[in-house]
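Reading the structure
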Amino acid sequence: MSRIGKQPVLIPDGVTVEVSGQTVTVKGAKGETSYTSPTCVAVAVEDNNVVVSRTDESKFGKAMYGTVRSLVNNMIVGVSKGYKKELLIDGVGYKAVMKGANDIVLSLGYSHDIDYAIPEGIKVEVNGQGTGLSIEGIDKQLVGQVAAQIRDYSPVEPYKGKGVRYSDEQVRRKEGKAVA
C-alpha cells in the first residue's frame, strides 16, 4: 500500500478544491487548474483536507493511488505558491532576449538564433545581461518541461563550461589536453 497515497493533503487558506465526479478543480491566488483522475482512484474533500482512496485492487489502481495524491498536492502548491526554475547561460556571445511577450530569442553559439515560443501559463523573465532566465508558473510539470527544453538547446559542455544550466546544477569540469 502506498505510504504517499494514505497521507491527506492539507488545503491552505485562500485555496478552494472542488471535486465533481473524477475531475478535481483547484483555485487559488495564482490561478486555477484541474485534473481528471482515473476511475480506479476516488478523490474527496473532508475537513479541509483532500483524501485519495482506491476504488479497486488492480495493479494500475495501486500504481495511480500515490500518483494522484502527488498531482493534487502539486496543484495546491502551484496555485498558492507557484513553481520557479532558474537557468544560467554561460559562454561568450551566449544570451537570451525577449521578443514580444510570448517569444524568447536564444543565441547559443549556433549559426542561427533559436526562437522559442513560451507556452500558455508560463511566465519567463530575462535578467539585464541576458545571461539568466527565470521560468515561473502554476503547473510543476510544464515549468520543468520548459526549463528542460531550453536547456537541451545547448547543454553545458565539461571543458569550458559553456551552455545552459540550472542555477543549482553542478557541472563536473574536465581537464583539457596535456601539453607536452
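Model, not experiment: these values are computed from the prediction.

Cut-offs and rules
Residues numbered from 1 in each chain as written. Predicted model: local features only at pLDDT ≥ 70, side-chain atom pairs only at ≥ 80, totals over all residues. Heavy atoms only, no water. Phe/Tyr/Trp six-rings, centres within 6.5 Å; stacked < 30°, edge-to-face > 60°. Helix = DSSP H or I, 4+ residues; strand = E, 2+ residues; numbered from the N terminus. Buried < 20%, exposed > 50% of the residue type's maximum accessible area, 1.4 Å probe, protein only. Lys NZ or Arg CZ within 6 Å of the ring centre and 35° of its normal.

Points about the packing of aromatic side chains
All told, the structure shown has one aromatic pair when counted by the stated rule. Ring centres of Tyr116 and Tyr153 lie 6.2 Å apart, and the angle between their planes is 75 degrees; this geometry places the pair in the edge-to-face category. Of the two residues, Tyr116 sits in strand E10 (residues 114-117) while Tyr153 sits in the loop between helix H3 (140-152) and strand E13 (163-166), which places them 37 residues apart along the sequence. Look at Tyr153 and you get partly exposed, because its relative accessible area is 28%. Over the aromatic face of Tyr65 sits the side chain of Arg54, whose NZ or CZ is 5.5 Å from the ring centroid.

What about unusual backbone geometry?
Of note, the phi angle at Asp47 is positive, near 50 degrees, even though the residue is not glycine. Judged by relative accessible area, Asp47 falls into the exposed class, the value being 73%. Phi is positive for Asn48, close to 60 degrees, though the residue is something other than glycine. Its place among the elements puts Asn48 in the loop between strand E5 (41-46) and strand E6 (49-54). For Asn48, a relative accessible area of 43% translates into the label partly exposed.

That is the geometry; function is a separate question.
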